[in-house]
Amino acid sequence: MNKETILEELGKVRYPGLDKSIVDLKVVEEVAEENGKPVVTLSMQNDEAYQVLESRLSDLFNGNVEVRRKAMMQKKSMNYGDTANPNNRAPYAKRIIAVTSGKGGVGKSTVSVNLSVALAQKGFKVGLLDADVYGPNVPRMTQTADEKLQWNDNYKIIPSENFGIKIMSVGLTTPSSDTPLVWRSSVAVSALIQFLEDVDWGELDFLVIDMPPGTGDIQLTMAQELPITAGVIVTTPQPVALDDVSRAIMMFKDIKVPIGGLVENMSFFIAPDTKKRYDIFGKGGGEATAKKYDIPFLGKIPLDMQIREFSDEGIPPVAMGDKRQKGYYKNIADNLLKQIL
Ligand SMILES: Nc1ncnc2c1ncn2[C@@H]1O[C@H](COP(=O)(O)OP(=O)(O)OP(=O)(O)O)[C@@H](O)[C@H]1O
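Definitions and limits used
- Residues numbered from 1 in each chain as written.
- Predicted model: local features only at pLDDT ≥ 70, side-chain atom pairs only at ≥ 80, totals over all residues.
- Heavy atoms only, no water.
- UniProt positions renumbered as here; feature names shortened; annotations may be inferred.
- 1 Å grid on protein atoms, 1.4 Å probe; cavity = no way out; pocket = protein on both sides within 12 Å on 5 of 7 lines; lining within 4 Å.
- Points joined across faces, edges and corners; volume = space filled by probe spheres on them.
- Helix = DSSP H or I, 4+ residues; strand = E, 2+ residues; numbered from the N terminus.
- Nonpolar A, V, L, I, M, F, W, Y, C, P; charged D, E, K, R; others polar.
- Salt bridge = Lys/Arg side-chain N within 4 Å of Asp/Glu carboxyl O.
- Buried < 20%, exposed > 50% of the residue type's maximum accessible area, 1.4 Å probe, protein only.
- Contact = heavy atoms within 4.5 Å.

- As annotated in an unreviewed UniProt entry, the chain carries the name Iron-sulfur cluster carrier protein and is attributed to Hydrogenimonas cancrithermarum.
- If you open the UniProt record of the chain and go to Function (unreviewed entry), you find "Binds and transfers iron-sulfur (Fe-S) clusters to target apoproteins. Can hydrolyze ATP."
- As its UniProt record puts it under Subunit (unreviewed entry), the chain is described as follows: "Homodimer."

Here you go:
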């Protein structure tokens with residue numbers, strides 16, 4: 001069996017819990033043949049997934065295979081900027097923050113918008129790219145939904161600007177905000193790459209990307225095309241969201257995107273009339289998940305009716321909310337900066 005045949009066989013093996021092969025995910029570090037036996041070296045952090053793969057490979061090669069594991073650096077203190085030599089489609093940005101979630105609807109866009117504005121309030125130059133092709137909510141949340149794409153003399157797209165940040169959204173490519181983007185993931189990826197390359201962002205201290213939820217092609221491609229400084233993962237404390245978030249964390253770890261931390265949204269609800277606290281989605285799940293995967297916990301945001309109302313009106317709570325509401329997002333921005341600066 002030569003190397004190509006072994007690789008071809010490995011291309012059939014899916015990574016546990018993900019719909020991608022271990023070859024596509026770059027988990028296969030090296031392939032060789034020693035004494036007529038394939039020798040496959042996997043580079044990965046997750047012990048459980050490694051054991052599953054060991055047995056999948058043994059089945060695939062009828063027991064006639066040697067599986068080795070390349071110990072990845074187990075970093076206690078994270079070493080940022082250590083992605084697997086990705087391309088850099090955004091050389092104008094000093095740091096790139098990818099905000100994602102395992103599950104939809106947990107408040108990822110709200111966190112992306114308010115984190116971006118919080119960073120701008122600190123004096124950083126910030127661009128926000130809404131890459132959530134399934135639900136591009138950033139235009140509504142920043143009052144830029146009525147803007148049309150415009151090009152400057154250098155044929156570059158001019159980003160919208162509001163609340164001190166530059167904004168570009170895949171949502172602005174549709175005739176109206178309720179037109180769905182029916183794109184294959186390959187088309188979505190090309191559109192996003194165009195937004196990275198063809199938008200006149202200028203120099204940025206931070207490019208914040210509101211990613212689509214989940215662990216699909218778009219996330220993987222963005223990680224290959226950009227040197228992501230830190231992934232920020234948003235979750236609610238409920239078990240179904242946390243299961244999905246574990247997959248997102250594992251994916252980031254395995255494709256070597258440094259994780260800036262976890263944000264727990266909709267953590268609790270204080271009834272405005274009785275001041276009684278309700279843990280609608282459960283309690284403490286986000287912090288426990290961060291601990292389990294040894295990633296920083298960036299902060300909690302309660303379920304707050306005004307946050308929803310402000311966001312629907314296109315007013316980021318960190319800009320115009322009360323002191324408490326501003327505090328939640330500022331605290332998250334501070335904690336993230338501590339991780340990456
Ligand atoms: N802390 C909060 N309190 C109250 N409402 C919130 C809070 N965070 C987000 N929301 C509301 O929840 C809804 C979903 O939020 P958002 O669009 O940010 O989620 P998402 O994870 O980006 O969703 P999608 O997967 O659709 O992109 C919005 O209406 C938003 O205003």
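**Some words on the layout of surface pockets**
Consideration 1: Put simply, the second largest pocket is a space of about 430 Å³.
Consideration 2: Gly105, Gly107, Thr110, Asn265 and Met266 are the residues nearest the centre of the second largest pocket, which is lined by 25 residues in total.
Consideration 3: If you list the elements that add at least two residues to the lining of the second largest pocket, you get helix H3 (108-121) and helix H9 (305-313).
Consideration 4: Considering every element that reaches the lining of the second largest pocket, the biggest residue donor is H9, with 5 residues.
Consideration 5: Residue composition of the lining of the second largest pocket, by class: 11 nonpolar, 9 polar and 5 charged.

**What about the pattern of salt bridges?**
Consideration 1: Enumeration according to the criterion identifies 14 salt bridges in this entry.
Consideration 2: Of the charged contacts, one joins Arg68 and Glu34 as a salt bridge, the two residues approaching to 3.2 Å between their closest N and O atoms. Linking Arg68 in strand E3 (residues 66-70) with Glu34 in strand E1 (residues 28-34), this pair joins segments that are 34 residues apart in sequence.
Consideration 3: Among the residues examined, Arg68 registers a relative accessible area of 33% and is labelled partly exposed.
Consideration 4: Judged by relative accessible area, Glu34 falls into the partly exposed class, the value being 35%.

**Points about the UniProt feature "binding site: ATP" (unreviewed entry) in the chain**
Consideration 1: Per the UniProt record, the feature "binding site: ATP" (unreviewed entry) sits at Gly102, Lys103, Gly104, Gly105, Val106, Gly107, Lys108 and Ser109. None of the other annotated residues line the second largest pocket; only Gly104, Gly105, Val106, Gly107, Lys108 and Ser109 do.
Consideration 2: By secondary structure assignment, the location of Gly105 is in the loop between strand E4 (93-101) and H3.
Consideration 3: If you trace the backbone, Gly107 turns up in the loop between E4 and H3.
Consideration 4: Contacts of Gly107, omitting those with residues within four sequence positions, involve Val234 and Asn265.

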